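Survey of secondary and tertiary structure
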Amino acid sequence: MASLVSSPFTLPTTKTEHLSSISQKKYFLHSFLPQKQNFICPRASRTTSVKCGVVGGNGLFTQTTPEVRRIVPERNNGLPTVKIVYVVLEAQYQSSLSAAVQSLNKSPNFASFEVVGYLVEELRDETTYQSFCKDLEDANIFIGSLIFVEELAIKVKNAVEKVRDKMDAVLVFPSMPEVMRLNKLGSFSMSQLGKSKSPFFQLFKNKKQSSGFADSMLKLVRTLPKVLKYLPSDKAQDARLYILSLQFWLGGSRDNLVNFLKMVSGSYVPALKGIKIDYSDPVLFLDSGVWHPLAPCMYDDVKEYLNWYGTRRDANEKLKSPNAPVIGLVLQRSHIVTGDEGHYVAVIMELESRGAKVIPIFAGGLDFSGPVEKFFIDPITKKPFIDSAISLTGFALVGGPARQDHPRAVEALRKLDVPYIVAVPLVFQTTEEWLNSTLGLHPIQVALQVALPELDGGMEPIVFAGRDPKTGKSHALHKRVEQLCTRAIKWGELKRKPKAEKKLAITVFSFPPDKGNVGTAAYLNVFSSIYSVLKDLKKDGYNVEGLPETSEALIEEVIHDKEAQFSSPNLNVAYKMSLREYQKLTPYATLLEENWGKPPGNLNSDGENLLVYGKLYGNVFIGVQPTFGYEGDPMRLLFSKSASPHHGFAAYYSFVEKIFEADAVLHFGTHGSLEFMPGKQVGMSDACYPDSLIGNIPNVYYYAANNPSEATIAKRRSYANTISYLTPPAENAGLYKGLKQLSELISSYQSLKDTGRGPQIVNSIISTARQCNLDKDIVDLPEEGRQQEMMILSASERDLVVGKVYSKIMEIESRLLPCGLHVIGEPPSAMEAVATLVNIAALDRPEDGISSLPSILAETLGREIEDVYRGSDKGILRDVELLRQITEASRGAVSSFVERTTNSKGQVVNVADKLSSILGFGLNEPWVQYLSATKFSRANRDKLRLLFAFLGECLKLIVADNELGSLKQALEGKYVEPGPGGDPIRNPKVLPTGKNIHALDPQSIPTTAALQSAKIVVDRLLERQKADNGTGKYPETIALVLWGTDNIKTYGESLAQVLWLIGVRPVADTFGRVNRVEPVSLEELARPRIDVVVNCSGVFRDLFINQMNLLDRAVKMVAELDEPEDQNFVRKHAMEQARTLGVDLREAATRVFSNASGSYSSNVNLAVENSSWNDEKQLQDMYLSRKSFAFDCDAPGAGMMEKRKVFEMALSTADATFQNLDSSEISLTDVSHYFDSDPTNLVQNLRKDGRKPNAYIADTTTANAQVRTLAETVRLDTRTKLLNPKWYEGMLSTGYEGVREIEKRLSNTVGWSATSGQVDNWVYEEANTTFIQDEEMLKRLMNTNPNSFRKLVQTFLEANGRGYWETSADNIDKLRQLYSQVEDKIEGIDR
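Residues numbered from 1 in each chain as written. Predicted model: local features only at pLDDT ≥ 70, side-chain atom pairs only at ≥ 80, totals over all residues. Heavy atoms only, no water.

1. Considerations on the overall build of the protein
- Of the regular secondary structure elements, the protein holds 59 helices and 37 strands.
- When the accessible surface of the protein is summed, it comes to about 48,100 Å², and 50% of that surface belongs to carbon and sulfur atoms. (Helix = DSSP H or I, 4+ residues; strand = E, 2+ residues; numbered from the N terminus. Areas by Shrake-Rupley, 256 points an atom, 1.4 Å probe, with all protein chains shown as cover.)

2. Points about the sheet that holds strand 4 (residues 112-119)
- Taken in spatial order, the six strands make up an open sheet running 4-3-5-6-7-8, and their pairing is mixed. Unpaired on one side and paired on the other, strand 4 and strand 8 (188-189) mark the two borders of the sheet.
- Note that strand 5 (residues 141-145) and strand 6 (residues 169-172) share four bridges and pair parallel. Paired with Ile143 across the bridge in strand 6 is Leu171.
- Sheet contacts for helix 10 (residues 254-268): strand 3 (81-88), strand 4, strand 5, strand 6 and strand 7 (184-185); angle to strand 6, the most-contacted strand, approximately 140°. (Pairing = 2+ DSSP bridges. Contact = heavy atoms within 4.5 Å. Axes fitted to C-alpha atoms, helices over the stretch in contact; angles between N-to-C directions.)

3. Details of the packing of helix 40 (residues 1008-1028) against helix 42 (residues 1053-1062)
- Between helix 40 and helix 42, the shortest axis-to-axis distance is 8 Å and the interhelical angle comes to 60°. Overall, the two elements helix 40 and helix 42 adopt an arrangement that is oblique. Handedness of the crossing formed by helix 40 with helix 42: right-handed. On the side of helix 40, the interface is formed by Ala1010, Leu1011, Ser1013, Ala1014, Lys1015, Val1017, Val1018, Asp1019 and Leu1022, while helix 42 contributes Glu1053, Ala1056, Gln1057, Trp1060 and Leu1061.
- Of the residues contributing to the contact of helix 40 with helix 42, the split by class is nine nonpolar, two polar and three charged. (Parallel < 35°, antiparallel > 145°, perpendicular 65-115°, else oblique. Left-handed = near helix turned anticlockwise from the far one by under 90°. Nonpolar A, V, L, I, M, F, W, Y, C, P; charged D, E, K, R; others polar.)

4. Brief notes about unusual backbone geometry
- Note the cis peptide between Pro599 and Pro600, where omega equals 10°.
- Residue placement: Pro600 occurs in the loop between helix 23 (593-596) and strand 19 (610-617).
- Pro1006 follows Ile1005 through a cis peptide bond whose omega is 0°.
- Note that Pro1006 resides in the loop between strand 27 (996-998) and helix 40.
- The phi angle at Lys382 is positive, at roughly 65°, despite the residue not being glycine.
- With respect to the element layout, Lys382 can be found in the loop between helix 15 (369-376) and strand 12 (388-391).

5. Quick word on the packing of aromatic side chains
- In total, this model carries 39 aromatic pairs according to the counting rule given.
- Seen in terms of ring centroids, Tyr299 and Tyr305 are 5.8 Å apart; in terms of plane orientation they differ by 70°. Their pairing is edge-to-face. Like Tyr299, the residue Tyr305 is buried in the burial classification.
- Through a chain of ring-to-ring contacts, the aromatic side chains of Tyr93, Phe173, Phe188, Tyr242, Phe248, Trp249 and Phe260 assemble into a single cluster.
- In this structure, Lys155 is placed above the aromatic ring of Tyr129, and the distance from its NZ or CZ to the ring centre is 4.8 Å.
- Over the face of the ring belonging to Trp1060 we find Lys1015, whose NZ or CZ atom lies 4.4 Å from the ring centre. (Phe/Tyr/Trp six-rings, centres within 6.5 Å; stacked < 30°, edge-to-face > 60°. Buried < 20%, exposed > 50% of the residue type's maximum accessible area, 1.4 Å probe, protein only. Lys NZ or Arg CZ within 6 Å of the ring centre and 35° of its normal.)

6. Let's talk about the environment of Lys479
- Among the secondary structure elements, Lys479 is positioned in helix 19 (residues 478-496).
- Separated by 15 residues in sequence, Lys479 and Phe464 place their C-alpha atoms 8.3 Å apart.

7. Focus: the pairing of strand 12
- What you see with strand 12 is no split at all: Ser388 and Ile390 on one side and Ala389 and Ser391 on the other are buried throughout.
- Here strand 10 (residues 326-332) pairs with strand 12 via four bridges, running parallel. Looking across to strand 12, one finds that Leu329 is bridged to Ile390.
- Strand direction decides the pairing type here: strand 12 and strand 13 (residues 420-422), joined by three bridges, are parallel. Within strand 13, the residue paired with Ala389 across the bridge is Tyr420.

8. Brief notes about helix 54 (residues 1285-1292)
- All of the buried residues along helix 54 are Trp1287, Tyr1288, Gly1290, Met1291 and Leu1292.
- On the buried face of helix 54, the contacting elements are strand 25 (816-818), helix 53 (1270-1282), helix 55 (1296-1316), helix 56 (1321-1333) and helix 57 (1335-1344).

9. Here we look at the sheet that holds strand 36 (residues 1254-1259)
- Strand order in the open sheet formed by eight strands is 34-33-32-31-28-35-36-37, and the pairing between neighbours is mixed. Whereas interior strands pair on both sides, the edge strands pair on one side only; in this sheet they are strand 34 (1201-1202) and strand 37 (1266-1269).

10. Quick notes on the environment of Asp314
- On the secondary structure map, Asp314 appears in the loop between helix 11 (302-310) and helix 12 (317-320).
- Residues Asp314 and Leu294, spaced 20 residues apart in sequence, show a C-alpha to C-alpha distance of 9.4 Å.
- At 2.6 Å, the side chain of Asp314 and the side chain of Arg312 are in polar contact. (Polar contact = N/O pair within 3.5 Å; in protein donor to acceptor, adjacent residues only side chain to side chain.)

11. As for the environment of Thr1229
- Position of Thr1229 relative to the elements: it lies in the loop between strand 35 (1216-1221) and helix 51 (1233-1236).
- Taking the relative accessible area as the measure of exposure, Thr1229 reaches 4% and is therefore buried.
- Considered as a pair, Thr1229 and Thr1278 are 49 residues apart in the sequence and their alpha carbons are 8.0 Å apart.
- Those residues in contact with Thr1229 that sit more than four places away from it in its chain are Asp1277, Lys1304, Arg1305, Asn1308, Thr1309 and Trp1312.
- Separated by 2.7 Å, the side chains of Thr1229 and Asp1277 make a polar contact.

12. Section: the nonpolar core
- Ranked by size, the top nonpolar core spans 285 residues in total, and within it Leu329, Ile359, Leu392, Phe668 and Phe1349 carry the most contacts.
- In terms of residues, this core owes the most to one element, helix 45 (residues 1105-1119), which gives eight residues.
- Contacts of Phe668, omitting those with residues within four sequence positions, involve Ile506, Thr507, Val508, Phe509, Ala521, Leu524, Val526, Ser529, Ile530, Val533, Tyr702 and Ile824.
- If you look at the next biggest cluster of nonpolar residues, it comprises 81 residues, including Ile71, Val172, Val258 and Val427. (Core = buried A, V, L, I, M, F, W, Y, C linked by side-chain atoms within 4.5 Å.)

13. So, the side chain of Asp1192
- Summarising the element assignment, Asp1192 is placed in the loop between strand 33 (1189-1190) and strand 34.
- Exposure remark for Asp1192: the relative accessible area of 12% places this residue in the buried category.
- Here the side chain of Asp1192 touches Lys1116 through a polar contact of 2.9 Å, side chain to side chain.

14. A short note on the packing of helix 15 against helix 16 (residues 406-416)
- Between helix 15 and helix 16, the shortest axis-to-axis distance is 9 Å and the interhelical angle comes to 10°. Considered as vectors, helix 15 and helix 16 are oriented roughly parallel to each other. Residues Ser369, Val372, Glu373 and Phe376 of helix 15 touch helix 16, and the partners they reach there are Arg408, Ala412, Lys415 and Leu416.
- In the contact of helix 15 with helix 16, the residues fall into four nonpolar, one polar and three charged.

15. Some details on helix 14 (residues 342-353)
- Taking 1.5 Å as the rise per residue, helix 14 with 12 residues should run 16 Å; its terminal C-alpha atoms sit 16 Å apart, in good agreement.
- For helix 14, the full list of buried residues reads His343, Tyr344, Ala346, Val347, Ile348, Glu350, Leu351 and Glu352. (Expected span 1.5 Å × (residues − 1).)

16. Structural notes on the pattern of salt bridges
- What the rule picks out here adds up to 82 salt bridges.
- Arg333 is the partner of Asp287 in a salt bridge, and the nearest nitrogen-oxygen pair spans 3.8 Å. Residue Asp287 is found in the loop between helix 10 and strand 9 (288-290), and its partner Arg333 is found in helix 13 (residues 333-337); the two are separated by 46 residues along the sequence.
- Owing to a relative accessible area of 28%, Asp287 belongs among the partly exposed residues under this scheme.
- Judged by its relative accessible area of 5%, Arg333 falls in the buried class.
- Connected via shared salt-bridge partners are Glu67, Arg70, Lys83, Asp135 and Asp138. (Salt bridge = Lys/Arg side-chain N within 4 Å of Asp/Glu carboxyl O.)

17. Notes on the side chain of Arg1151
- Positionally, Arg1151 belongs in the loop between helix 47 (1145-1148) and strand 32 (1152-1154).
- Sequence-distant contacts of Arg1151, that is, excluding residues within four places in its chain, are made with Asp1091, Val1092, Val1093, Val1094, Asp1112, Val1115, Val1130, His1133, Ala1134, Gln1137, Val1206 and Ala1210.

18. Looking at the pairing of strand 20 (residues 620-624)
- Burial within strand 20 is extensive, with five of its five residues counted as buried.
- Side chains of strand 20 alternate between two faces, with Val620, Ile622 and Val624 and Phe621 and Gly623 buried alike.
- Bridge count for strand 19 against strand 20 is four bridges, and the pairing is antiparallel. Of the residues in strand 20, the one forming a bridge with Leu616 is Phe621.
- Where strand 19 folds back onto strand 20 in an antiparallel hairpin, the turn is made up of two residues, including Gly618, whose phi is positive at roughly 60°.

19. What to know about the confidence of the model for the protein
- Per-residue confidence for the protein gives a mean pLDDT of 84, with 88% of residues at or over 70.
- Note that residues 198-214 has pLDDT below 50 and, in this model, 44 contacts with residues that lie over four places away or in other chains.
- Contacts for the low-pLDDT stretch residues 562-568, under 50 throughout, to residues beyond four places or in other chains number seven contacts. (pLDDT = per-residue confidence, 0-100.)

In structure tokens form, the structure reads like this:
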């Protein structure tokens, strides 16, 4: 594997010979490169560490040298020499510009030309940058184009500015404004860019109409020279020559560039003044049109092009057939006119060789939406001419690398309505650099050419073209081109094939591997959803023969093997694959032997054959995806790199593609293992496992709307069209048992506190609070039974005691929790949406001018809502009571509003009509009617109307249902509209679900608003830590985690927290992209800079590698600040570590860590879920071995490098560990990710004093952000979920899946005991009372899902055995008996 070949991972020598042999068989892309290049590192001994990342050099992605673009004239015959230096984004101009200079030098009659060119990325290397500055010193002409990366734009600006005045001409074509201002051509200058009122300069204003710039520029280029020609002033003529220069440049051909150089040097180089140099006008090409390498011309009319196509003599009849698939290609004109179109030609020829017609369109500007509508859509029928579209530009459809206009792109693609693939040509790397990089694509290219097209609905970022290091020309990567073309045709076929003939492979997951876990997916009732989907598809004309009558029967048929002996633990076997068949169908099978031995192995196998589990219904196969396979092997879990897929996993996908011959695969729910298999992070090669496994099957994937980060991994690594589904409707946790009793006691106290019974009731409150284990959460809760002490306390002191208990009760009661599991195609009813709407209403939205409902209500009483929150947090009784009243009034007002828009069945009807009848009629407004009976009757009507109009829009979105509709669109080869993923409460634009889910522009975070929120959380975290450590000192180091999804949902809040802890602020460029930071002065910070150890999840690493770069630069910058050590803990620790390790300061200041490229998680979660660990030390070793890979901003191309010593030393200084919770749907015990990344016990073992660090969790799920200890958060989580009848009954109502959800929460609780020791004994005791001591509950669990119930019993026994739960011998005996019983029951069921 390319990813393994270049990873810091030891391989036996046999693998080397093995890889060499398969590279000869053309499984590797290396096969088309010159053979002398050796990609495999030589081995000195049996196991040798393989060099990481790139092919040596400067540690950067771009290893090429500008010397390949330098042309020095051999002789100048006494003629003046004109020296030209150019800087460009891409290398397509290199060959035509070099050819132009060579042509001029061949027969020099007025000057000799020297030229040297730099790719903007090369300027990151300091040596190259110095060489650039030196070249500029004696240059006559500087040319720059498409310089849009801020940090590099600044370098160009600084270098050129120094010599601009002595240069003869400076020409900069579309780039960032700071570079454009360098333009100088005689009296023409752009130093006033963005300030002047002339129409020319107005173009460059920072306007929202992104593509307007490119369009207006093109129109101007067409018309201005004609106008300016007749104006007498020098200024007008200089402006005219600038526009002509731009025409020549955009024309790009050798002849255009020859005339361009003649014109500019003849007009502005002093040594050539007075010499008459003739040049021709620019040869103008169409701004947009249809181009084919064999066509006689470019076409402006698609009908003319198709007429030519139909008369081609070289084309066979198959290609001319009206039934041939038609693929549309989107190309960049600059590649065509500069003659750098070899990679385009290869795609066209490959498609045609596979029997597909091709319509290749191009545009000269950066807006392709017009050409797409003009050439791909029939103007009369409005139907597309094409079956699928591939953009080969790699850029967003509108705006290219500059400023994008995604709504305009989506509008054009919606009209087109075909699958839209955006393939990627290598821009900043040569082919060799990309092949040898574990990261894959260059981070800047990922941001510009992968992330931005995703916002348009683009998918399948397949790298189809490489770049030659010497000529700069693009060349096709033939294996990749084959795959791209096959996949595009397959997507197109979905449009054409009759539904009754389409074959669909629905893939479900089983995680951890156990029969009780088949059909796992976050928040989703998988089998009920599949049943709902299949019923709908059957009605729609798909062949779903033999579909059972109920979803329960469907579960039975998939899970139980009817053919085998009854005691068989196996799932239903759909297919037995012989070894010969497996090896024939799976070309990479031999590669898997290093990790798994010879096939068939012991996973998904009967010892002779490989088994594919699942069930066939007509043309629909429901299959169970095999698991990673190493969950139960502690030694494998310790490896720093993840193992390859096992034979059974590979056989599953070979079956789906080549035996079942699926037209599409539907991965059902969040999430499987395919997209997390080893390989490059982004920009797969054909040696990356996700790429090999998915093969050529169109991949549709249902993904939870609140998990855009992992959905994006599935998009990029397994080419998925991700369709979002809703998480279950949220409800308030409410109160039960002792907590409810407490609430009633507090109500009694409030009405009777001034009578003699007050002290007595306070005693009962204290006693009940202690029975409910609230004493750990409430500081200074008095001892119970001290009647006399209560009598002595003043009324205000008693109020404070009650206020603190009341505040805690309210916190539990109002906590949001998702109830039950979602079923695809069943949107929530209106009343189920109330809690979500109440929480949407609780947030201020200043960008829309909307005030939150709590703040509007608090203002009515002359209070600020923030003050009420703070008072309630402190336990001030009147504030706790006021907050309860505000919360109740909010719920009441929203409920009354929703009731008015629903029918008797509770369904929302004609929301728009209902709303228009409600809004604007004063007293008729239901929220006004409701509030008139409360103390908030004078609330501001205008603010309320604005808020409820917004809530009305949100309600429409919540109850809309497009999850099934979008799936059917995808299966019919149509365009699925893109939409953001995230938290619907923070960002209602996530709704309605059923969108092709995307993340965000990685360079847009952190936003200013995120930084503001981050400051509040950091201040509260530091205050809490100072209070808890008893000394009032600031912590010196905090170890924290960055998650991908959290940063997407909050637009970078946790990223901003890290920056604020070390005392730096992000700086945005003209386009709002964040690629720089600057230190905040110690005076402004008013505290020391706190050191950090940042553990980035594998998903964050994949999505936000630019931000890891930013963080690493920030930490190293702070370490180098000349400040006192007691005010800069980053510097203090880095200097100590530099001395100890004998490394320089920058290396010692490494603080940004993650997994090795292509690996995810610490595997602690897998070990805990599968009980495959011996002791906590083993879990800590897993964490250290897998999470100690650092990102280095000084060598970003080197990928993730193992730096375990620095990692351990940095962690050993941590005084606190810290994580964020940002949305109500996912909390600490809902998923295993959180404890998987928790280093609390590990830090204790690494610290010299052996002290356990404090562990904190920031909760920003509500407007009232909190910082709690980890133990407090686990207790809150347990009370609101695991022990809460509202939650577990909601889960059990979903049947089989519900039991698993209960078991999962307990298992994750054990995970927290193992990594942090922060789980109280009563948590396990109460869970045992709820689920085991209650006989009726016990029977329900056992009968509904015996496999998951067995795991639940096992987890209780394990918690006791590992010392996390002390309980009576009777309890343990009962659990052991139960375990035997359930074992018998499972065998009985199977028998």
